[in-house]
There are 2 protein chains.
Amino acid sequence: MKSACAQQVQSLSSGKEPLPEPCAACAARVLSVCDAIDDCDLDRLAAITSVQDIARHQIFVTEGDPADHLFNVTDGTVKVYKLLPDGRQQITGFLLAGDFLGLSFLERYGCSAEAVTRVRCCRFPRKQFAALLTDFPGIERRLLGIASNELAAAQDQMVLLGRKTARERVSTFLLMLSRRAARSGGTTDPVILPMTRTDIADYLGLTVETVSRTFTQLKKGGFIELREAGIVHLSNLSALEDLSQGF
Amino acid sequence: MKSACAQQVQSLSSGKEPLPEPCAACAARVLSVCDAIDDCDLDRLAAITSVQDIARHQIFVTEGDPADHLFNVTDGTVKVYKLLPDGRQQITGFLLAGDFLGLSFLERYGCSAEAVTRVRCCRFPRKQFAALLTDFPGIERRLLGIASNELAAAQDQMVLLGRKTARERVSTFLLMLSRRAARSGGTTDPVILPMTRTDIADYLGLTVETVSRTFTQLKKGGFIELREAGIVHLSNLSALEDLSQGF
DNA sequence: GGAGTTCCTTGATGTGTCTCAATGGTTAAG
DNA sequence: CTTAACCATTGAGACACATCAAGGAACTCC
């Protein structure tokens, strides 16, 4: 089970090949508490799970709508964002394979979500999911852990948005993607950017132009290399670490 | 129990009068799940609770330290913040009476915490608290709800820091304080600011000077009145709402 | 009462990032 | 092959906010 899941994480998120077959990996992720997973529990969760394929640029969760579902991304990249009335956009996070969406237990979605690439994910109806929680308190602890991590990430992002310069923001962003790829079993060095410069700007609280200028600045400084589109080579990781902290 | 708690919330956070007596209100807050509170549970939680008085400007939680305790603020105002190596500060939130601190279930504290005013709070040792969770799964759900709310607030703050102008930030900040006071049974109109302009700046991702200038600008525009120090009258609430959203 | 400290405000000036505008590259459609 | 759409990059100029500097109000401590 574990290996199947890892395999899926590896699979591309940009190409044209068919997406991998649906699997119970998402259910396993939800249930992956410290102790061993009971096959019975797994089946029960799998029973309420449905697999969903989402086309590029499709908005599949809208801020303010009733929060009917909970998602686990299996493949691809999702951007989660909020809008101001005049259209200004702030991306609050990018979701990669393995990440959860909508696990806040509020009435309505707090953010919208759009597929940056083609996306495959598992979907759990919230009501039925909530029923599971009463039977398996372990899941609640697991969710609490996930929420804790998200909160910590949000606080780091506040530091970035409130106090870091453009160069620090972009460096931090590249390192974050690198670490996340490594954590999912990928490589740390060539970082893949499935999102556009505009998306990066909306995530970092900058404009496209500033992001683009900062990339070329980092390139000229010998910190990164831009060869193919959507791929960044981190030439000097430790120097980039310093940059991201303002040294 | 409820009324005693409300009383406590009302009590000043800046003066010299003695702080109110410790009470089981914090324990009640933790246990206040949907269903009625069992006195027995309450006693058990109260047994591991200790009351802590914290002097103004005292740092009582430091980022990176082992997360041994969980706090519930009973009285006063706390600022929660992160620092960059060169001293730049980002305040991730202000805690008022009733708010929790350190409920993330990570190994170490993600932020530091400093008493803005004199503060009284209840403290739970994490280990013993965790033991309680296994016996009362309801608490976990409650914590999940709290974490959800914090996450939503963090996302709003990201929009503020990433996309709002100085005027929009300050307006949003004043309205937030107003709403929180109202929610705790206080008044919505004269908003009390226990923190300094510098703290507000570090929360809003601005400088002291910009915050100060924005206050006078709002005053001249007839949106607020500044009479006594630390108190802001919101003359035109709906106009302020518009300002905070960029209309 | 005087001295020191902290906090708030205001002015003058600087600058990092935004805005506006143009270009070329790439991809998709006809 | 042509056209359109989107995306990334770069330049010139503008502006919101930062920085630097100074003064006054409130408070604390002798």
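Scroll up a little and you will see the structure.
My aim in this report is to walk through the structure given alongside it, one point at a time. Quick caveat: nothing in here was measured; it's all calculated off a predicted structure.

A word on the protein's contact with DNA strand C
Around DNA strand C lies a shell of 14 residues, among which Ala 166 and Thr 210 of chain A together with Arg 197, Arg 213 and Thr 216 of chain B are the nearest. Restricting the count to atoms of DNA strand C within 4 Å of the protein gives a sugar and phosphate share of 62%. Thr 210 of chain A has a polar side-chain atom sitting 2.3 Å from a phosphate oxygen of DNA strand C. Within the side chain of Ser 212 of chain B, a nitrogen or oxygen atom sits 3.0 Å from a phosphate oxygen of DNA strand C. Going through the elements one at a time, helix H8 (208-220) of chain A together with helix H8 (208-220) of chain B are the ones with two or more residues in the surface near DNA strand C. For the surface near DNA strand C, the leading source of residues is H8 of chain B, giving four residues. The residue inventory of the surface near DNA strand C, partitioned by class, reads two nonpolar, seven polar and five charged.

A look at the packing of helix H6 (residues 166-183) of chain B against helix H7 (residues 197-204) of chain B
Residue and element names in this part refer to chain B. Direction vectors running N to C along H6 and H7 enclose 110°, while the axes themselves pass 11 Å from each other. When the interaxial angle is binned, H6 and H7 end up roughly perpendicular. Along its contact with H6, which presents Arg 169, Val 170, Phe 173 and Met 176, the element H7 presents Ile 200, Tyr 203 and Leu 204. Looking at side-chain class alone, the contact of H6 with H7 contains six nonpolar, no polar and one charged residues.

Thoughts on the relation of the copies chain A and chain B
Overlaying chain A on chain B yields an RMSD of 0.0 Å, the required transformation being a rotation through 180° with an accompanying axial translation of 0.0 Å. Taken together, these values place the two copies in the relation of a two-fold axis. Mapped onto chain B, 100% of the interface residues of chain A are again interface residues, and the two copies thus contact each other with one and the same surface.

Thoughts on the interface of chain A and chain B
Of the residues lining the interface, 44 residues belong to chain A; the matching set on chain B comes to 44 residues. Looking only at chain A, the three residues that lose the most surface to chain B are Leu 144, Met 158 and Arg 163 of chain A, adding up to 19% of its buried area. Here chain A is connected to chain B by eight salt bridges. In this structure, Glu 168 of chain A and Arg 88 of chain B form a salt bridge, with 2.9 Å as the shortest nitrogen-oxygen distance. At the junction of chain A and chain B, the tally comes to 18 residue pairs in polar contact (both at pLDDT 80 or more). Residue assignment for the side of chain A that touches chain B shows that the elements contributing at least two residues are strand S5 (89-95), helix H4 (126-135), helix H5 (137-163) and helix H7 (197-204) of chain A. A per-class count over the side of chain A that touches chain B returns 20 nonpolar, 14 polar and 10 charged.

Basis of the calculations
Residues numbered from 1 in each chain as written. Chains lettered and ligands numbered in written order. Predicted model: local features only at pLDDT ≥ 70, side-chain atom pairs only at ≥ 80, totals over all residues. Heavy atoms only, no water. Near = heavy atom within 4 Å. Polar contact = N/O pair within 3.5 Å; in protein donor to acceptor, adjacent residues only side chain to side chain. Helix = DSSP H or I, 4+ residues; strand = E, 2+ residues; numbered from the N terminus. Nonpolar A, V, L, I, M, F, W, Y, C, P; charged D, E, K, R; others polar. Axes fitted to C-alpha atoms, helices over the stretch in contact; angles between N-to-C directions. Parallel < 35°, antiparallel > 145°, perpendicular 65-115°, else oblique. Contact = heavy atoms within 4.5 Å. Least-squares fit on C-alpha atoms with pLDDT ≥ 70 in both. Buried area = accessible area lost by both parts, 1.4 Å probe. Salt bridge = Lys/Arg side-chain N within 4 Å of Asp/Glu carboxyl O.

All quantities given are derived from atomic positions and should not be read as evidence of function.
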